[in-house]
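# Residue-level structural notes
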Amino acid sequence: MKLGIVGLPNVGKSTLFNSLTKAGAESANYPFCTIDPNIGIVPVPDERLKLLSDLYDSQKITPAVVEFVDIAGLVKGASKGEGLGNQFLANIREVDAIVHVVRCFDDSNIIHVDGSVDPLRDIETIDLELIFSDLEVLEKRIAKTGKSAMNDKGAKKELETLKALKELLESGKPAKAYEAADDEEADFVHSLTLLTDKPVIFAANVTEDDLASDGAENEYVQAVRSFAKEDGSEVFVICAKIEEEIAELDDEEKMMFLEDLGLTESGLDKLIKASYSILDLMSYLTAGEKETRAWTIRKGTKAPQAAGKIHTDFERGFIKAEVINYKDLLECGSNAAAREKGLVRIEGKEYVMQDGDVVVFRFNV
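Below is a summary of the structure that appears in this document. Keep in mind that this is a model prediction, so the values were computed, not measured.

One can describe the packing of helix α4 (residues 153–170) onto helix α5 (residues 183–191) by two numbers: an axis separation of 11 Å at closest approach and a directional angle of 65 degrees. Judged by the sense of rotation from one axis to the other, the crossing of α4 with α5 is right-handed. Where α4 abuts α5, its residues Lys157, Glu158, Thr161, Leu162 and Leu165 lie against Glu184, Glu185, Phe188 and Val189. Split by residue class, the contact of α4 with α5 holds four nonpolar, one polar and four charged.

This is the structure in structure tokens:
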């Protein structure tokens, strides 16, 4: 899973990135301190892995990972070269979802590029820049496709879709609002990697005082939540400064720190949950002496395709899957005990994988 982090300058974007990835991206109180896109790989927290690893005495644990891409703060006119320009938007065209950091706190000591705090205005600014960037992509594609559309039915159909998308974006709506006629057209639209076609998760950055209540009394947060509901987006409340402090602690200290703040999970935990939810993802598990590992798949994935995440040969030569829910396995204390109780199931090609399945795939190539 790959997430792109965007936002205006000085909203806490790079501070959040630093805390999530411990990558040490420069963060300062002036615009454009992030000059190159920063990339960080973060393991997905999953307590099931440690429990299964202990059961199997595994040599190593391999969690699922998230790749974060942090780009320079965008400003009005970025798509036309203002600020550091549109070059950085290209770095997030390949991400699965966009994390939009929105400032939801007042602080006279931290400059706001527009002179005041207004999260809905900030969202509109970023959204327009993403639309302008997508329009540029569409215009180039229309010019290229138009040449071959005269003699090619497929190209003609693509051209019609491109023009319809352009019209939609020019009306101020994102590409994800486009209603494709069929799966083929939907696949074509997704293949364009338009920024406004991507799911969005809003990170409402608040002060420590608003964190414990999850921003319940914060008018800025409520405005973002209302907007996100209309937009079909996810929202999570975070205090980038607190996350920065948490990042320096070990697991035990982190839990104590969160408890002192009246919290049960970190910002990273919230973001992972929001990401899995909006992308319709889940994890299945494999466990043994050599390794206990989490594999990320889309909900609704069938067993052969899930096996293909491990290796293409597993999917090509799929015979069956031996499946047990991780809770049942832990309660039984061993795979052998689970078999005796009839909890290990044999599933075929039509089996739809479930979150928390512990699987052994049988295949023959």
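Structure shown, so let's carry the discussion forward.
What follows concerns the sheet that holds strand β5 (residues 97–103). Ordered by their spatial adjacency, six strands build an open sheet running β2-β4-β1-β5-β6-β7, and the pairing between neighbours is mixed. This sheet does not close on itself; its edge strands, each paired only once, are β2 (38–43) and β7 (234–238). Neighbour-to-neighbour, the strand axes of the sheet open up by a mean angle of 25 degrees, direction not taken into account. Of the strands in this sheet, β1 (2–6), β2, β4 (65–70), β5, β6 (200–205) and β7 are in contact with helix α10 (residues 267–278), which crosses β7 at around 180 degrees.

Here glutamate 322 lies in strand β10 (residues 318–325). Taking the relative accessible area as the measure of exposure, glutamate 322 reaches 9% and is therefore buried. In the structure, glutamate 322 is positioned 24 residues away from isoleucine 346 in sequence and 4.8 Å away in space, judged by C-alpha atoms. What glutamate 322 contacts, discounting residues up to four positions off in sequence, is Arg339, Val344, Arg345, Ile346, Val358, Val359, Val360 and Arg362. There is a polar contact of 2.6 Å between the side chain of glutamate 322 and the side chain of arginine 339. Side chain to side chain, glutamate 322 and arginine 362 meet in a polar contact 3.1 Å long.

A few words now on the nonpolar core. In this structure, Phe68, Ile92 and Leu271 are the most contacted members of the largest nonpolar core, which totals 49 residues. Tallying contributions element by element places α10 first for this core, with six residues. Judged by nonpolar contacts, the second largest core, of 18 residues, contains Leu211, Ala228, Ile246 and Leu263.

Glancing now at α4. Helical periodicity: at 3.6 residues per turn, an α-helix aligns residues three or four positions apart in one direction. Taking 1.5 Å of rise per residue, 18 residues should cover 26 Å, and α4 covers 26 Å from first to last C-alpha, within 8% of that figure. Among the residues of α4, Ala155, Leu159, Thr161, Leu162, Leu165, Leu168 and Leu169 are the ones counted as buried. Close packing links the buried residues of α4 with α3 (119–148) and α5. Residue aspartate 152 occupies the N-cap position of α4, its side-chain oxygen lying 2.8 Å from the main-chain nitrogen of glycine 154. The first or second residue beyond α4 is glycine 172, which carries a positive phi of 95 degrees.

The next thing to look at is the side chain of serine 283. Note on placement: serine 283 falls in strand β8 (residues 281–287). With a relative accessible area of 4%, serine 283 lands in the buried category.

Another point: the pairing of β10. With seven bridges connecting them, β10 and strand β12 (residues 357–363) associate as antiparallel partners. Its bridge partner lying in β12, asparagine 325 is registered against aspartate 357.

Packing of α3 against α4 leaves a shortest axis separation of 9 Å and a crossing angle of 155 degrees. Regarding the angle of α3 to α4, the classification is roughly antiparallel. With respect to the hand of their crossing, α3 and α4 are arranged in left-handed fashion. Between α3 and α4, the residues in contact are Ile131, Asp134, Leu135, Leu138, Glu139, Arg141, Ile142, Thr145, Gly146 and Ser148 and Ala155, Glu158, Leu159, Leu162, Lys163, Leu165, Lys166, Leu169 and Glu170, respectively. Residues belonging to the contact of α3 with α4 are distributed by class as follows: nine nonpolar, three polar and seven charged.

Calculation criteria
For every chain, the first residue of the written sequence is number 1, and numbering continues from 1 along that sequence. It should be noted that, the model being predicted, local features are given only for residues of pLDDT at least 70 and side-chain atom pairs only at 80 or more, the latter also being counted only at that level, while totals for whole chains, interfaces and linings use all residues. Excluding hydrogens and water, the side-chain figures rest on all heavy atoms present in the structure. Here an angle of 0 to 180 degrees is reported between the N-to-C directions of two axes, which are lines fitted to C-alpha atoms, with helices fitted over the stretch in contact. Where helices and strands are cited, they refer to DSSP runs of H or I of at least four residues and of E of at least two residues respectively, numbered from the N terminus. Each crossing gets its hand from how the near helix is turned against the far one by less than a right angle, where anticlockwise is left-handed and clockwise is right-handed. Contacts were defined at the residue level, with two residues in contact if any of their heavy atoms lie within 4.5 Å. Under the convention adopted here, Pro, Cys and the residues Ala, Val, Leu, Ile, Met, Phe, Trp and Tyr are nonpolar, Asp, Glu, Lys and Arg are charged, and Gly plus all remaining residues are polar. The rule for pairing is simple: two strands pair if DSSP sees at least two bridges between them. Residue exposure (1.4 Å probe, protein chains only): buried if accessible area is under 20% of the type maximum, exposed if over 50%, otherwise partly exposed. The definition of a polar contact used here is a pair of N or O atoms within 3.5 Å, where within protein one atom must be able to donate a hydrogen and the other to accept one, and adjacent residues in sequence count solely through side-chain atom pairs. The definition of a nonpolar core used throughout is a set of buried Ala, Val, Leu, Ile, Met, Phe, Trp, Tyr and Cys residues joined through side-chain atoms within 4.5 Å. Expected span, for any helix, means 1.5 Å times one less than how many residues it has. When an angle is under 35 degrees it counts as roughly parallel; over 145 it counts as roughly antiparallel; between 65 and 115 it counts as roughly perpendicular; any other value is oblique.

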